[in-house]
Amino acid sequence: MTNSEIAKLLSHVSAAYSILDNKKHYFQIIAYQKAAETIEHEPTELKELYNEGKLKDLPGVGESIKSHLEELFKKGKVTYFDDILFQVPKAVFPLLDVPGFGPKKAYRLVTEFNLKKPDTVMDDLVKIAESGKIAGLPGFGEKSEKDILQSFKEYGMGKTKSARMVLPYATELARKMIDYLERSKDVKEVYPLGSLRRKKSTVGDIDIAASSKNPQAVLNYFASYPHTERVIEKGTRTSSILTSGNRQIDLMVEHPDGFGALLQHFTGSKDHNVHLREIALKKGYSLSDYGVKKKEDTKSKIKLFKTEQELYKFLGLQWVPPEIREDKGEIELAQKNKLPRLIELSDIKGDFHLHSSFPVEESHDPGQNSMEDMIKNAIFLKYKYLGFSEHNPSQSGHSNKQIYDLIAKRHEHIEKLRSKYNKSIQIFSLLETDIKPDGTLAVDDKSLSLLDGTIVSIHSAFSMNRQDMTKRVIQGLSHPKARILAHPTGRLINQREGYDLEWEKLFDFCQEKQKAIEINSWPQRLDLPDNLVQIARSKGVKFFINTDSHALPQMVLMEYGVSVARRGFCQRSDILNTFDYNKLRKWFNN
DNA sequence: GCCGTTTTCGGCCCGACTGTTTTCAGTCG
């Protein structure tokens, strides 16, 4: 079972508990949900943690859930879970993925209409709603019946609780709305919120905060955004709309005097906020998105914060950059005034994963622009150096001699460009070489000797098991010319799961042998993922942040790789393409 | 059911919005 399947199982147990007896199981419901969330985001397969006896290291997994998971791996099922889930009709569970449906509503409708089949429950409910039978139920009405139909319609169009957009797309959508809001005279400040502000690789809804002395005017202005499909809700402080692209945008408005608490609260993450509240409680205060008040004295006046900085200071903390607000150690560091200075885009001095159109007869994905155009663009971006990394010439249809000739010709061309642009920028001659399924490289030693080094990566036979894939990657990286492992998990967000590696083993190898790992900025990759970056970094592994550009406009995607690095706690010293040219040249020659 | 530099027992974040309600339940973040 994959981690996300296990997470789903636990969240179904949680849902079943809340259906069976919400009050009695109140804290189990929370506990199972928390464990599910942890497992959903855990990068290592649980089976592996189980084998290593590390299940209890997961936050939210204690004795009880641990023993259930052990049973799951031993027997393939958990009797205790089955007993609980058995008490709830199967047709309830598919509904839980539909926005607007929670355990109670799903259970109520399934039992009311005696729906038995999980496969057809959604279609069945649509028909029932269309025939007007839901509006008559106690607790339901015309409006809720219409809302249910709307939910199914939007679900059918791909809006689920888990469908998420890639960061650059979300950033672009938000930018348009932020531009629109900034044109309102009633708006003072605007910020993105939530996972968007924290720069997570994927974003669910777009959340935005505005400060204003006239919230109602701003909410009205927001609801009349030109691309609005429909207004989902509109209160005195918040509003949600659905845009024509079927994307939800939420707005929160607050008076400038209390804007800091709102901004902090809705930037999250949830875990970060819960931890902050615990700190506030220990100081005798209750923290909310409005500010703090004395815990005992409910009548006491609320203390407002104009800025986040004031709020963090009140709690005895440094201001924490949004990207690392995940309760992964940042709060403890902020308390000791020891937060790292995270890497910034302006620290980047070059890009090492660039595919030009120079003809090397590669098997896939040639670049669209000449080396010279890419050099000029790199100079425009104020880079000090760059590295070309076309794919290796295809093996089928080329002899080793032919491959050598192609690479030699490319070498000559690069030499010419080097002398031409010597004063403005330095050029590294790399290549993106496939690691074949047997662990050898797709280019022989003689050809590789022409290069400054090579990036290696996996482009075939993705479905190897964890151990074999790890062996394959480490063997490929062991070649003296292999210096950088590109897009290490091979994931394509929303399209393909990455392959699983024995990460700790790989990171130890990289640290020991001075091999670097790439943080690939391509929007669907953002690979190595941030949680693994944090682990690798803690082991002393160094990184390159690269764009993997196949065309000039893609070279600006660097900022998204930088976001990943920031989320992984990286400082300038962790990222090799922030080094001076001479230092970096030395690293390659080593 | 989880968790601990105040605790191995007794807590567990806090609030908005909606629809169907005469005071609240459900969902969401």
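Reading the values: rules and limits
- Residues numbered from 1 in each chain as written.
- Chains lettered and ligands numbered in written order.
- Predicted model: local features only at pLDDT ≥ 70, side-chain atom pairs only at ≥ 80, totals over all residues.
- Heavy atoms only, no water.
- Phe/Tyr/Trp six-rings, centres within 6.5 Å; stacked < 30°, edge-to-face > 60°.
- Helix = DSSP H or I, 4+ residues; strand = E, 2+ residues; numbered from the N terminus.
- Buried < 20%, exposed > 50% of the residue type's maximum accessible area, 1.4 Å probe, protein only.
- Lys NZ or Arg CZ within 6 Å of the ring centre and 35° of its normal.
- 1 Å grid on protein atoms, 1.4 Å probe; cavity = no way out; pocket = protein on both sides within 12 Å on 5 of 7 lines; lining within 4 Å.
- Points joined across faces, edges and corners; volume = space filled by probe spheres on them.
- Nonpolar A, V, L, I, M, F, W, Y, C, P; charged D, E, K, R; others polar.
- Pairing = 2+ DSSP bridges.
- Axes fitted to C-alpha atoms, helices over the stretch in contact; angles between N-to-C directions.
- Salt bridge = Lys/Arg side-chain N within 4 Å of Asp/Glu carboxyl O.
- Near = heavy atom within 4 Å.
- Polar contact = N/O pair within 3.5 Å; in protein donor to acceptor, adjacent residues only side chain to side chain.
- Parallel < 35°, antiparallel > 145°, perpendicular 65-115°, else oblique.
- Contact = heavy atoms within 4.5 Å.
- Domains from an automatic or database assignment.
- Buried area = accessible area lost by both parts, 1.4 Å probe.

Q: What is the right way to read the packing of aromatic side chains from this model?
A: We describe a pair of aromatic rings using the distance from one ring centre to the other and the angle between the two ring planes. Summed over all chains, the structure comprises 22 aromatic pairs. Between phenylalanine 428 and phenylalanine 588, the aromatic rings sit 5.0 Å apart at their centres with planes inclined by 35°, giving tilted as the arrangement. Within this pair, whereas phenylalanine 428 is found in strand 12 (residues 426-429), its partner phenylalanine 588 is found in helix 24 (residues 581-589), the two being separated by 160 residues in sequence. Overall, phenylalanine 428 belongs to the buried group, its relative accessible area being 0%. Using a relative accessible area of 5% as the deciding quantity, one classes phenylalanine 588 as buried. One Lys or Arg, arginine 483, reaches over the ring of tryptophan 587 and ends 4.0 Å from the middle of that ring. Over the face of the ring belonging to phenylalanine 579 we find lysine 583, whose NZ or CZ atom lies 4.2 Å from the ring centre.

Q: I would appreciate a short explanation of the layout of surface pockets in the present structure.
A: Picture a little ball the size of a water molecule; that probe, rolled over the atoms, points out where space is still empty. Of the pockets and cavities examined, the second largest pocket occupies roughly 250 Å³. Asp365, His459, Arg525, Asp548 and His550 are, among the 16 residues lining the second largest pocket, the residues nearest its centre. Here the residues of the lining of the second largest pocket sort into 3 nonpolar, 8 polar and 5 charged.

Q: What is the right way to look at the sheet that holds strand 17 (residues 543-546) in this model?
A: Hydrogen bonds along the backbone pair up the strands of a sheet, which may run parallel or antiparallel. Taken together, 5 strands build an open sheet; the order of strands is 13-14-15-16-17 and the sheet is parallel. Edge positions in the sheet fall to strand 13 (432-434) and strand 17, since each of these pairs with one other strand and no more. Neighbouring strand axes in the sheet, compared pairwise and without regard to direction, differ in orientation by 40° on average. Pairing geometry for strand 16 (residues 516-520) and strand 17, over 4 bridges, is parallel. Within the sheet, the bridge partner assigned to asparagine 520 lies in strand 17 and is asparagine 546.

Q: Explain the pattern of salt bridges to me, please; I cannot follow it from the model alone.
A: A pair can form between side chains of opposite charge whenever their charged atoms are brought close. All told, the structure shown has 33 salt bridges when counted by the stated rule. A salt bridge links arginine 175 to aspartate 179; the nearest nitrogen and oxygen atoms lie 3.0 Å apart. A residue pair is termed a helical-turn pair when its members lie 3 or 4 positions apart in one helix, as arginine 175 and aspartate 179 do in helix 10 (residues 167-182) at 4 residues. We classify aspartate 179 as partly exposed; its relative accessible area is 30%. Notably, a salt bridge pairs arginine 418 with glutamate 415, separated by 2.9 Å at the nearest N-O pair. With arginine 418 and glutamate 415 both in helix 18 (residues 400-421) and 3 residues apart, the pair spans about one turn of that helix. Using a relative accessible area of 18% as the deciding quantity, one classes arginine 418 as buried. Each of the salt bridges in this network shares a partner with another, and the network as a whole consists of Arg198, Glu326, Asp530 and Arg567.

Q: Could you clarify how one ought to interpret the protein's contact with DNA strand B in this entry?
A: Looking at DNA strand B, there are 44 residues lining it, with Gly62, Gly100, Gly141, Arg277 and Tyr290 nearest. Counted by atom, the contact set of DNA strand B within 4 Å of the protein is 80% sugar and phosphate. At 3.1 Å from a phosphate oxygen of DNA strand B is found a main-chain nitrogen or oxygen belonging to arginine 237. Between a phosphate oxygen of DNA strand B and a side-chain N or O atom of tyrosine 290, the distance comes to 2.6 Å. The residue inventory of the surface near DNA strand B, partitioned by class, reads 15 nonpolar, 14 polar and 15 charged.

Q: Looking at this structure, I do not really get the packing of helix 20 (residues 466-478) against helix 21 (residues 503-513). What am I missing?
A: Packed helix pairs are characterised by how far apart their axes lie and by the angle those axes make with each other. As a packed pair, helix 20 and helix 21 sit with axes 10 Å apart at the nearest point and diverge in direction by 10°. Here helix 21 runs roughly parallel to helix 20, going by the angle between their axes. Contacts between helix 20 and helix 21 pair Thr470, Val473, Ile474, Leu477 and Ser478 from the former with Lys505, Leu506, Phe509 and Cys510 from the latter. Residues belonging to the contact of helix 20 with helix 21 are distributed by class as follows: 6 nonpolar, 2 polar and 1 charged.

Q: What exactly am I supposed to notice about unusual backbone geometry here?
A: At the junction of glycine 268 and serine 269, the peptide bond is cis and its omega measures out at -5° in the coordinates. When you line up the elements, serine 269 lands in the loop between helix 13 (259-267) and helix 14 (270-282). Note that the residue after aspartate 527, namely leucine 528, is joined by a cis bond; omega there is 15°. Tracing the backbone shows leucine 528 in the loop between strand 16 and helix 22 (530-538). Even without glycine at this site, glutamine 514 takes up a positive phi of about 60°. Its location among the elements puts glutamine 514 in the loop between helix 21 and strand 16. Looking at glutamine 514, the relative accessible area reads 44%, which means it is partly exposed.

Q: Explanation requested: the domain arrangement of chain A in the structure shown.
A: Buried accessible area, meaning the area lost when the parts come together, often serves as the stated size of an interface. When its domains are assigned, chain A resolves into domain 1 (3-156), domain 2 (165-254), domain 3 (259-335) and domain 4 (345-589). Using only C-alpha atoms to locate each centre, domain 2 and domain 3 end up separated by 23 Å. Between domain 2 and domain 3, the contact holds 14 residues from the first and 15 residues from the second. Broken down residue by residue, the surface that domain 2 buries against domain 3 is led by Arg197, Arg198 and Arg237, which jointly contribute 51%. Where domain 2 meets domain 3, there are 4 salt bridges. With its nearest N and O atoms 2.8 Å apart, the salt bridge here joins arginine 198 to glutamate 326.

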